[in-house]
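Secondary and tertiary structure notes
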Amino acid sequence: FDKSGGDTTSYPTWLQANARTTTEDVTYSMTAKSVQADTATLKLIFGGWDGSVTGAVAVAPGSSTRLALLVFSYDTTKKEAFGVYVPRATVVPDGIVDLSTDFAEFGFKATFESSPSVKPNADGTQGTFEFLSAASFAVTAGA
């Protein structure tokens, strides 16, 4: 996960230091690598389509895919879950293929976008993702 931007700049006047402060926009993203190399995964990562050969995936430079993401984490010691839900992200490839490990890895970067699926703040500010606490994954008996 990564956050870029958000730096603040202070502007002085002749009579007052730091009279006004501005904050630049923030962008959240995540990078990951897939070791699954089937056509569905490659189409998703590379924004590709069926190629001219059976099982091939055609790719154009600058292609992207828009999708929703749920990153789920489970602590086996505490038996609690945690998650990050991103209802809208644009995925682009991060390189072509990394062959330097025991697996062929296909890297991608997902940039989070504002989504009407995230409840807006009282002032109307639209969110880009939601943290899901252990309570979000609680299962009640009989449910």
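Here is a short report on the structure shown in this document. (Residues numbered from 1 in each chain as written. Predicted model: local features only at pLDDT ≥ 70, side-chain atom pairs only at ≥ 80, totals over all residues. Heavy atoms only, no water.)

Section: the pattern of salt bridges
Heads up, the rule is: By definition here, a salt bridge exists when the distance from a side-chain nitrogen of Lys or Arg to a carboxyl oxygen of Asp or Glu is within 4 Å. Numbering goes from the N terminus for both helices and strands, where a helix is a DSSP run of H or I of at least four residues and a strand is a run of E of at least two. Buried, partly exposed and exposed residues are distinguished by accessible area as a fraction of the type maximum, computed with a 1.4 Å probe on protein chains only: under 20%, between the cut-offs, and over 50%, respectively.
Tallied over the entire structure, the rule returns five salt bridges. A salt bridge links Glu105 to Lys33; the nearest nitrogen and oxygen atoms lie 3.6 Å apart. Placement of Glu105 in the loop between β8 (80-93) and β9 (106-112) and of Lys33 in strand β4 (residues 26-34) is noted, with a sequence separation of 72 residues between them. Looking at Glu105, the relative accessible area reads 16%, which means it is buried. Among the residues examined, Lys33 registers a relative accessible area of 49% and is labelled partly exposed. Between Arg66 and Glu113 there is a salt bridge whose closest N-O contact spans 2.7 Å. Of this pair, Arg66 sits in strand β7 (residues 65-75) while Glu113 sits in the loop between β9 and β10 (130-132), and the two are 47 residues apart along the sequence. We classify Arg66 as exposed; its relative accessible area is 53%. Here the salt bridges do not stand alone but share partners, grouping Lys33, Asp98 and Glu105 into one network.

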